[in-house]
Amino acid sequence: MNVIVEREKGLLELEQRIAELKSQAAAQPVDMSAEIRALEAKYAQIQREVFGAMTPWQRVNMARHPKRPLGSDYIAALDQFDELHGDRHFRDDHAIVGGFAKLAGRRVVAIAQDKGRDTKEKVFRNFGMPGPEGYRKVIRLVKLADHLGLPVVTFVDTSGADPGIGSEERAQAEAIAQSLYELADVRVPVVATIIGEGGSGGALALALADRVLMLEHAVYSVASPEGAAAILWGDAARAEEAASRLRLTSDDLIRFGIVDDVIPEPLGGAHRDPSGIVTRVLGTVDGALDALARLPVDELRDRRYRKFRRIGAPPPR
Amino acid sequence: MNVIVEREKGLLELEQRIAELKSQAAAQPVDMSAEIRALEAKYAQIQREVFGAMTPWQRVNMARHPKRPLGSDYIAALDQFDELHGDRHFRDDHAIVGGFAKLAGRRVVAIAQDKGRDTKEKVFRNFGMPGPEGYRKVIRLVKLADHLGLPVVTFVDTSGADPGIGSEERAQAEAIAQSLYELADVRVPVVATIIGEGGSGGALALALADRVLMLEHAVYSVASPEGAAAILWGDAARAEEAASRLRLTSDDLIRFGIVDDVIPEPLGGAHRDPSGIVTRVLGTVDGALDALARLPVDELRDRRYRKFRRIGAPPPR
Amino acid sequence: MAAEEAAQWTKCPKCGTMIYRPDLAANLWVCSSCGHHFRMHAFDRIATLVDADFTEIGGDLLPGDPLGWTDKVPYPQKLQRDREKSKLTEGVVCGFASIGGYPVALGVMDFNFRGGTMGTVVGERIAQLFEAARERRLPCVVFTASGGARMEEGMLALMQMAKTTLAVRRFHDAGGYYLSVLTDPTTGGVSASFAFQADVVLAEARAAIGFAGRRVIEQTIRQKLPDNFQTAEFLLEKGAIDMVVERKELKDRLVRLLDYGVGAPLAPPAPTSAETPA
Amino acid sequence: MAAEEAAQWTKCPKCGTMIYRPDLAANLWVCSSCGHHFRMHAFDRIATLVDADFTEIGGDLLPGDPLGWTDKVPYPQKLQRDREKSKLTEGVVCGFASIGGYPVALGVMDFNFRGGTMGTVVGERIAQLFEAARERRLPCVVFTASGGARMEEGMLALMQMAKTTLAVRRFHDAGGYYLSVLTDPTTGGVSASFAFQADVVLAEARAAIGFAGRRVIEQTIRQKLPDNFQTAEFLLEKGAIDMVVERKELKDRLVRLLDYGVGAPLAPPAPTSAETPA
Ligand SMILES: [Zn+2]
Ligand SMILES: [Zn+2]
């Protein structure tokens, strides 16, 4: 049960009533503008109450909202996309979608995690949890970007790397470690955007980047709240409590210097204006790439080093 | 049925008779030296007849002789060996044995194909036919050698790369192609020795080397004679005929400039003096490494390029 | 029906439909009934791709008979027969051209010449192509179609795997951009060298691609293989190739892919002609 | 038996044998009955390995409470408790030493401190270790033992995967030689960063190694996992690690492996002391 979906129900009913009233008003000579204004005021008030100051757990649910724009929605909004498949060794991992693309006319390599929308797609995409082959596809695409001098753009949305038997058998840890290793010194700019759930190492493997952007209501966490609760208290049901402590919201992360820029969402969340938010994200990514493109390669890599090097470092003595 | 093993049978009986006669002679006062000399002369004559001028097919059988020193015999004779396992992604392929080693005091990375001696070992080693993971282990070890500045020494003995379903599923062609690609520009010297069967691309994947050595009775072929006969005439049984045409002996290959040096075997083949031949091979490899160690890196790589570049090239106009 | 007219018709090996040959050519040698991709002649392939500006290189390199090979017929006779049959001098055609305005070094193998096998001339032409591409700062596009190494040239044929690899590696290390297109069939020594060393590996729909031949595997495991085994689609699922492309979409796709390499270290400036895609 | 004397005895968790603690220490914390490898204290580990010349670095880096974390007890109290229990200031001890005459930069994690979890101090100490190793041209040896990232430091803990990776990469790109030794248990963010970025990855016999925890996987797939799943021996078979080493053979093996790096681009000259192995 998604707490945001639950809370939205009343609002959606109200929305419908307002719409009905408006169409009635248009069809009849009676003046109903007062009633409409009253309902609209009520709607705005509830909306502010519901979405104005969300708790961390509500943010988690917003990040998991079934209508939230997914990785493939961002990919689909690029000027051009030519998908490249596979790790060249074992299989094509559908939780990761990647390839050549154009963003505002700029040639890039784009890589997204995608959770899938309907049940069939969710299964096909393994609910957005990449296996080792997904991360090895990332490594391959990053090497390709480096070779051709193309910036890398990633869209992060995963509850975490796949925790299945096969993934462990084929060295999930090694795959994530090597994905980080590859991103660490790539000669091209990398811009990562946390669009939904940034779940642990499985998210970071696509987000060791020169600029890390984050949607307002996305979350980015050392572990999923359920996972953290299980680790801390042996009780995944205490996820809400874990969420409240983990500091996983965009407000927290910009304060810690882990996220460079927060992209605001409309009141009610990104899914209230999917195409608007996708456009805004791509525009922000483009702006970040503009700024990074001006840096000489060595400066770029040096800044990347220092950026992550100082996170959690003690103050210099 | 190995034709060399068949032909050896008479000789081995004769050997035994001479040995018996000698022990009788030692125990009795009667002078039997004339009989012994006669038998020895006969033995030498037959030996020359049998092994003096072997046909290509006999060479193939000699290369496959069940007592011929195997890859792991060369590895075992190194001063020191620390085996490194695995491709880091899928499995450890036992058809390839590789790791750090010392050869005449020199630090090297040594890699051997090994067919296994008894049935159990043969199964464990997949009869010396590496799968993709074997070649990916080679790639990993060659990268490691490059990183640490250690020369690479390979011992080649395979009827070919594994032709199974799993190997195709995990991109055998890609694995061999990338092994060649890795060896093509490595910054350290590479010395390959064809010790038994050099079967097709599965052998070459370990033999794109600065010096290619070959045991006198080893064979190195574009395809196994059985495979070539099947390809050419749809009849693997015509392997002997194929062998006679393929120019797969050390004499042929040194003439073509494909092999740089041929290491002589004792009359009767390497298995008549396994430790002697292993020592001789390692000594020759050491000598080749001495010579290569004197070359600057760029010169080494340039010579490697030219060495293979001219094979089968038309004369310059 | 006169013999001459009959020669204008061909039967689709997949669905059995009789097709009028000029129609087949107009349809890029794709069966309009079932979509079967006929194997293409190298010069037909080139004609369907390039901007009418192909310049061949290495065409004067002709095979000798280094092993003095004879089985049913001497090797030189086989070569002569294939030359007549295929109107080709060897199993690959290499040269310079532009595709949709993008200048490229282009190699196209042809299964009609000795089953697309790689002998010394195929290896040499491919190596020269990559060397020329490096010098001229051109991306390289290679269409593969091969049964593997050519038996009649023995180890000299096998060594072309090394030779071509060295040329690809040198090209790539200098910053070159390489696209391979695997067409039916791509196996053996070609698949295990330059076919799988490209930056982007494309495959034509339903092409057979693998290392070992299907028959060899069936003999080894003593059972029939599933129909889709070693097809382009199978390899895509197994992660071995970047994409599967229908022939009709191939040129457009290549043009798009070439465009991504325009800023690469070893690349000519972007095309400025009217042919540049939007 | 007096309480004091009882404290001198410990029970092997594998076979149940009661072992006299001084004997256990003398046997490198290996059960002499069943070979079970007890988890080792970092300073015990260091003492069994180095040539009596360990110099710690980063020991004065102490964790803060960046999230202001409290659950049953405040995070600072947990830290204090673990400091007292483990006699350690954090989950890793780093420094310089020599092993069998070979100078190294050495990092040893300790499961006794917050389950070896990686927080900001573990990440910072590891990063400083690799930076110092690069400057001093030393090979780097790191023993891992970790339950993953430390929850109580949230995203700051996760970011240590990036930080340590950057330091390892810079060290490696300069030509550094890095050996990791995975000990029981090595999981989560540590396994998915510097543990699996080494030139040679060793594992102690029977150590548990993986990304996801065993319980998480069992909950996901809803069945029991085989006993050997995620053991060092399992990973060896699956090709993920270079070798599995019994603790008694570990020092000798490390010395041999360090020797292969003597000619590496970023390496000090070969040791000349009497301790050099033949
Ligand atoms: Zn048809
Ligand atoms: Zn025990």
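Residues numbered from 1 in each chain as written. Chains lettered and ligands numbered in written order. Predicted model: local features only at pLDDT ≥ 70, side-chain atom pairs only at ≥ 80, totals over all residues. Heavy atoms only, no water.

Q: Which parts of the structure should I look at to understand the overall build of chain A?
A: Counting its regular elements, chain A contains 14 helices and eight strands. Its C-alpha atoms give chain A a radius of gyration of 21 Å, near enough to 20 Å, the size a compact globule of 317 residues would have. Dimensions along the principal axes, computed over C-alpha positions, put chain A at roughly 70 × 50 × 50 Å. Looking at chain A as a whole, 59% of its 317 residues are labelled buried. Counted over contacts in chain A with a minimum sequence separation of 6, partners at least 24 positions apart contribute 72%. As presented, chain A carries roughly 12000 Å² of accessible surface, and 52% of it is formed by carbon and sulfur atoms. Each charge class in chain A was averaged separately, 43 positive and 46 negative side chains, and the resulting centres sit 3 Å apart. (Helix = DSSP H or I, 4+ residues; strand = E, 2+ residues; numbered from the N terminus. Rg over C-alpha atoms; globule rule 2.2 N^0.38 Å. Buried < 20%, exposed > 50% of the residue type's maximum accessible area, 1.4 Å probe, protein only. Contact = heavy atoms within 4.5 Å. Areas by Shrake-Rupley, 256 points an atom, 1.4 Å probe, with all protein chains shown as cover. Lys, Arg positive; Asp, Glu negative; His and termini not counted. Charge placed at Lys NZ, Arg CZ, Asp CG, Glu CD.)

Q: What's the story with the sheet that holds strand 4 (residues 92–99) of chain D in this structure? I'm lost.
A: Neighbouring strands of a sheet are bound in pairs by backbone hydrogen bonds; such pairs are parallel or else antiparallel. Residues and elements named next belong to chain D. Judged by pairing direction, the sheet is mixed, and its seven strands sit side by side in the order 3-4-5-6-7-8-9 without closing on themselves. Each edge of the open sheet is held by one strand with a lone partner, namely strand 3 (55–57) and strand 9 (243–245). Averaged over all neighbouring strand pairs, the angle between strand axes comes to 25 degrees, with direction disregarded. Across eight bridges, the pairing between strand 4 and strand 5 (residues 102–109) is antiparallel. Looking across to strand 5, one finds that S98 is bridged to P103. (Pairing = 2+ DSSP bridges. Axes fitted to C-alpha atoms, helices over the stretch in contact; angles between N-to-C directions.)

Q: Which parts of the structure should I look at to understand the interface of chain B and chain A?
A: Quoted interface sizes are often the accessible area lost when the parts come together. Listed as interface residues are eight residues of chain B and, on the opposing side, eight residues of chain A. Counting each side, the surface lost to burial between chain B and chain A is near 720 Å², with a carbon and sulfur contribution of 51%. Where chain B packs against chain A, one counts zero salt bridges. Summed over the shared surface of chain B and chain A, the result is three residue pairs in polar contact (both at pLDDT 80 or more). Grouping the amino acids of the side of chain B that touches chain A by side-chain chemistry returns two nonpolar, one polar and five charged. (Buried area = accessible area lost by both parts, 1.4 Å probe. Salt bridge = Lys/Arg side-chain N within 4 Å of Asp/Glu carboxyl O. Polar contact = N/O pair within 3.5 Å; in protein donor to acceptor, adjacent residues only side chain to side chain. Nonpolar A, V, L, I, M, F, W, Y, C, P; charged D, E, K, R; others polar.)

Q: In this structure, what is going on with the coordination of the zinc ion (ligand 1)? I would like to understand it.
A: Six octahedral donors at a metal ideally form angles of 90 or 180 degrees, and four tetrahedral donors ideally form angles of 109.5 degrees. Residue and element names in this part refer to chain C. Bound to the zinc ion (ligand 1) are the protein donor atoms C12 (SG), C15 (SG), C31 (SG) and C34 (SG), situated 2.3 Å from the metal. Here the zinc ion (ligand 1) is ringed by four donor atoms whose angles at the metal span 107 to 111 degrees, and the overall shape comes out tetrahedral. Sequence spacing among the residues donating to the zinc ion (ligand 1) works out to C-x2-C-x15-C-x2-C. You can see C15 sitting in the loop between strand 1 (9–11) and strand 2 (18–20) and its partner C34 sitting in the loop between helix 2 (21–26) and helix 3 (42–49), a full 19 residues away along the chain. (Donors = N, O, S within 2.8 Å, 3.2 Å for Na, K, Ca; no water. Tetrahedral: all angles 85-135°; square planar, octahedral: opposite > 155°, others 65-115°.)

Q: When you look at the sheet that holds strand 9 (residues 243–245) of chain C in this model, what are you seeing that I'm missing?
A: Residue and element names in this part refer to chain C. Ordered in space as 3-4-5-6-7-8-9, the seven strands form an open sheet in which the pairing is mixed. Of all strands in the sheet, those with a lone pairing partner are strand 3 (55–57) and strand 9, marking the two edges. The mean angle between the axes of side-by-side strands here comes to 25 degrees, regardless of whether they run parallel or antiparallel. With six bridges joining them, strand 6 (residues 140–146) and strand 7 (residues 178–186) adopt parallel strand pairing. Note that in strand 7 the partner of C140 across the bridge is Y178.

Q: What am I meant to see in the side chain of T144 of chain D here?
A: Tracing the sequence through the fold places T144 of chain D in strand 6 (residues 140–146). Ignoring sequence-local partners within four residues, the contact set of T144 of chain D consists of M109, V181, L182, T183, T186, V190, F194 and A195 of chain D.

Q: Help me understand a nonpolar patch on the surface in this model?
A: A cluster of nonpolar residues, W9, M18 and Y20 of chain C, forms a patch on the protein surface that exposes about 290 Å² of accessible area. Positionally, W9 of chain C belongs in strand 1. (Patch = residues over 30% accessible without salt bridge, like charges linked within 9 Å, V, L, I, M, F, W, Y side chains within 5 Å.)

Q: Would you explain the pattern of salt bridges in this entry?
A: Pairing between side chains of opposite charge can happen when their charged atoms approach one another. Residue and element names in this part refer to chain A. Tallied over the full model, the rule gives 104 salt bridges over all chains. Among the salt bridges present, the one from R187 reaches D146, with a minimum N-O distance of 2.5 Å. Taken as a pair, R187 in the loop between helix 8 (172–184) and strand 5 (190–199) and D146 in helix 6 (residues 132–148) lie far apart in primary sequence, 41 residues in all. The exposure class assigned to D146 is buried, which follows from its relative accessible area of 16%. Measuring nitrogen to oxygen at the nearest pair gives 3.4 Å for the salt bridge that ties D302 to R306. A residue pair is termed a helical-turn pair when its members lie 3 or 4 positions apart in one helix, as D302 and R306 do in helix 14 (residues 297–309) at four residues. On the accessibility criterion, D302 (29% relative accessible area) is partly exposed.

Q: Looking at this structure, I do not really get the relation of the copies chain B and chain A. What am I missing?
A: Two copies of one chain are present, and they are related through a rotation about an axis combined with an axial shift. Overlaying chain B on chain A yields an RMSD of 0.1 Å, the required transformation being a rotation through 180 degrees with an accompanying axial translation of 0.0 Å. Each copy turns onto its partner about a two-fold axis. Of all interface residues in chain B, 100% are interface residues in chain A too; the two copies therefore contact each other through one and the same surface. (Least-squares fit on C-alpha atoms with pLDDT ≥ 70 in both.)

Q: Explain the state of the cysteines here, please?
A: Two cysteines joined by a covalent bond between their sulfur atoms form a disulfide. By the definition in use, this model includes zero disulfides over all chains. The cysteine C94 of chain C is free of any disulfide, with C140 of chain C supplying the nearest cysteine sulfur at 8.0 Å. (Disulfide = S-S within 2.5 Å.)

Q: What's the story with the coordination of the zinc ion (ligand 2) in this structure? I'm lost.
A: All names here are of chain D. Taken together, the protein donors to the zinc ion (ligand 2) comprise C12 (SG), C15 (SG), C31 (SG) and C34 (SG), at separations of 2.2 to 2.4 Å. For the zinc ion (ligand 2), the four donor atoms in the first shell make angles of 107 to 112 degrees at the metal, a pattern classed as tetrahedral. Sequence positions of the residues that donate to the zinc ion (ligand 2) give the spacing C-x2-C-x15-C-x2-C. A relative accessible area of 36% places C15 in the partly exposed class.

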